[in-house]
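# Working through the structure, step by step
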Amino acid sequence: MNVQPSASEPAAAAAAVAVPEAAPALDTAGRKDPGPGKGAALAPIVLVVAGGLSVQFGSAVAALLMPKAGALGVVTLRLAAAALILLVVCRPKLRGHSRADWGTVVAFGVAMGGMNTLFYQALDRIPLGIAVTLEVLGPLALSVFASRRLINLVWAGLALVGVVLLGGGGFDRLDPAGAAYALGAGAMWAAYIVFSARTGRRFPQADGLALAMVVAAVLSLPLGIWESGAKLTVPSTLALGAAVAVLSSVLPYTLELMALRRLPASTFAVMMSLEPAIAATAGFLILNQALSTTDALAIALVIGASMGAVRSQTGARKKG
């Protein structure tokens, strides 16, 4: 979600990211260096969880902004502000990249822009928790197709049960267009995972992310201007848009890019099942959307599935 394009993606993405660690070296005393400890193994997991918390609470803030700027306007503000921030911070180099590198960045930007545009269209029509519940089916499908280990299919299936349960039986009352937008966002989310990993392998630091964010912002700009026009220039709207950009784009995408350099695509995709749980929590705290007992059970299932995926991946690395 690697260095070279392959027609067998996303399976190749998972295989390329999940490269076994090199054999442990000898220290100065002649003993084997134990290599990276448990903290190093958990580091990408912490990055994923932190990114999820940031993006979902940012989405809750974005829901509050939509009455002022519209769904497409919020997407434009979020992506444009994030692009400006990343360009200033990263100062990516434009020279020295191959045609394949640029193709990867453009694909990453298109996936990112499509994911955001479709998700905010869904968020404008259906509750945050259910929107993310439907959206996460994309990463879960990627996990099934990319994984070569049977146990990961089990964790994906458990996460899927939790995702469906989190819908709370309310899917039949959803706006059909909102549900369709959320499912479309899920497909783009799966593409985002694949091309985020490729970009992270091809570009240093967050340079590729900054360039891809520019692509996404340029694609969204005409839509945002068409829907919202002068509303996008209101100072309070700009301030909230910048906050959403930091919470929902700059921080989480940077953290995920770092995590995907050290985490297989299949494991990362299963961990995305945490997103509905985080979204439900954000909806409860910010949007006053109550959590039922069923919601709590669903959250426990998706967290359990994510922990299982992480443990199986850690065990596989130790054996390697």
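Because the structure is a prediction, the values reported are computed rather than measured.

### Some remarks on the overall build of the protein
Assigned secondary structure in the protein consists of 13 helices and zero strands. Beginning at the N terminus, the succession of helices and strands in the protein can be written as α-α-α-α-α-α-α-α-α-α-α-α-α. Burial statistics for the protein: of 320 residues in total, 49% are counted as buried. When the accessible area of the protein is evaluated, it comes to approximately 14,200 Å², of which 68% is carbon and sulfur surface.

### Some words on a nonpolar patch on the surface
On the surface, I85, V88, V89, V246, L247 and L251 cluster together to form a nonpolar patch covering roughly 470 Å² of accessible area. If you list the elements that add at least two residues to the nonpolar patch, you get α3 (71-90) and α10 (235-260).

### Brief notes about empty space enclosed by the protein
Of the pockets and cavities examined, the largest cavity occupies roughly 180 Å³. Lining the largest cavity are 15 residues; nearest its centre among them are V55, R78, M115, E135 and Y253. Listing elements by their share of the lining of the largest cavity, those giving two or more residues are α2 (38-69), α4 (99-123), α5 (128-135), α8 (176-202) and α10. Among the residues forming the lining of the largest cavity, the class breakdown is eight nonpolar, three polar and four charged.

### Considerations on the confidence of the model for the protein
The pLDDT averaged across the protein works out to 76; a share of 77% of its residues lies at or above 70. Here helix α1 (residues 11-17) stands out as the element of the protein with the lowest mean pLDDT, 34, in contrast to α4, whose mean of 93 is the highest. Considering only residues more than four positions removed or in separate chains, one finds that residues 1-36, a stretch of pLDDT under 50, has 58 contacts.

### Some thoughts on the side chain of S54
With respect to the secondary-structure elements, S54 resides in helix α2. There is a polar contact of 2.4 Å between the side chain of S54 and the backbone oxygen of L247. Beyond its immediate sequence surroundings of up to four residues, S54 is in contact with V246, L247, S248, L251 and P252.

### Observations regarding the environment of L64
Within the secondary structure layout, L64 lies in helix α2. When the C-alpha positions of L64 and L287 are compared, they lie 8.1 Å apart, and in sequence the two are 223 residues distant. In contact with L64, other than residues within four places in its own chain, are I286 and L287.

### Section: the packing of α3 against α10
Following both chains from N to C, one finds α3 and α10 inclined at 65°, their axes separated by 7 Å at the closest point. As for the relative orientation of α3 and α10, their crossing is right-handed in sense. Contacts between α3 and α10 pair L77, R78, L79, A81, A82, I85 and L86 from the former with T237, L238, G241, A242, V244, A245, V246, S248, S249, V250, Y253 and T254 from the latter. Class assignment for the residues of the contact of α3 with α10 results in 13 nonpolar, five polar and one charged.

### Some thoughts on α8
Over its 27 residues, α8 runs 39 Å from end to end, which matches the ideal 39 Å to within 8%, given 1.5 Å per residue. The N-cap of α8, judged by a side-chain oxygen 2.9 Å from the amide nitrogen of A177 a few residues on, is D175.

### Notes on unusual backbone geometry
Here the phi dihedral of R91 falls at roughly 45°; this positive angle occurs in a residue that is not glycine. Relative to the helices and strands, R91 is located in the loop between α3 and α4. Under the relative-accessibility criterion, R91 is labelled exposed at 68%. In this structure, Q205 is a non-glycine residue whose phi angle is positive, near 50°. With respect to the secondary-structure elements, Q205 resides in the loop between α8 and α9 (207-228).

### Things to note about the packing of aromatic side chains
Under the defined criterion, the tally for this structure stands at three aromatic pairs. Between F108 and Y192 the ring centres are 5.5 Å apart and the planes differ by 40°, which places this aromatic pair in the tilted class. Here the residue F108 occupies a position in helix α4, and Y192 occupies one in helix α8, the gap between them amounting to 84 residues. For F108, a relative accessible area of 0% corresponds to the buried category. Both rings, one in F119 and one in Y120, keep their centres 5.7 Å apart while their planes meet at 80°; by these two values the pair is edge-to-face. Per residue, the accessibility class of F119 equals that of Y120, and both read buried. Through pairs of rings, three or more aromatic residues link up here, namely F108, Y192 and Y253.

### Quick look at the environment of P127
Relative to the elements of secondary structure, P127 occurs in the loop between α4 and α5. Considering only alpha carbons, one finds P127 and A279, 152 residues apart in sequence, at a separation of 9.8 Å.

Cut-offs applied
- Residues numbered from 1 in each chain as written.
- Predicted model: local features only at pLDDT ≥ 70, side-chain atom pairs only at ≥ 80, totals over all residues.
- Heavy atoms only, no water.
- Helix = DSSP H or I, 4+ residues; strand = E, 2+ residues; numbered from the N terminus.
- Buried < 20%, exposed > 50% of the residue type's maximum accessible area, 1.4 Å probe, protein only.
- Areas by Shrake-Rupley, 256 points an atom, 1.4 Å probe, with all protein chains shown as cover.
- Patch = residues over 30% accessible without salt bridge, like charges linked within 9 Å, V, L, I, M, F, W, Y side chains within 5 Å.
- Salt bridge = Lys/Arg side-chain N within 4 Å of Asp/Glu carboxyl O.
- 1 Å grid on protein atoms, 1.4 Å probe; cavity = no way out; pocket = protein on both sides within 12 Å on 5 of 7 lines; lining within 4 Å.
- Points joined across faces, edges and corners; volume = space filled by probe spheres on them.
- Nonpolar A, V, L, I, M, F, W, Y, C, P; charged D, E, K, R; others polar.
- pLDDT = per-residue confidence, 0-100.
- Contact = heavy atoms within 4.5 Å.
- Polar contact = N/O pair within 3.5 Å; in protein donor to acceptor, adjacent residues only side chain to side chain.
- Axes fitted to C-alpha atoms, helices over the stretch in contact; angles between N-to-C directions.
- Left-handed = near helix turned anticlockwise from the far one by under 90°.
- Expected span 1.5 Å × (residues − 1).
- Phe/Tyr/Trp six-rings, centres within 6.5 Å; stacked < 30°, edge-to-face > 60°.

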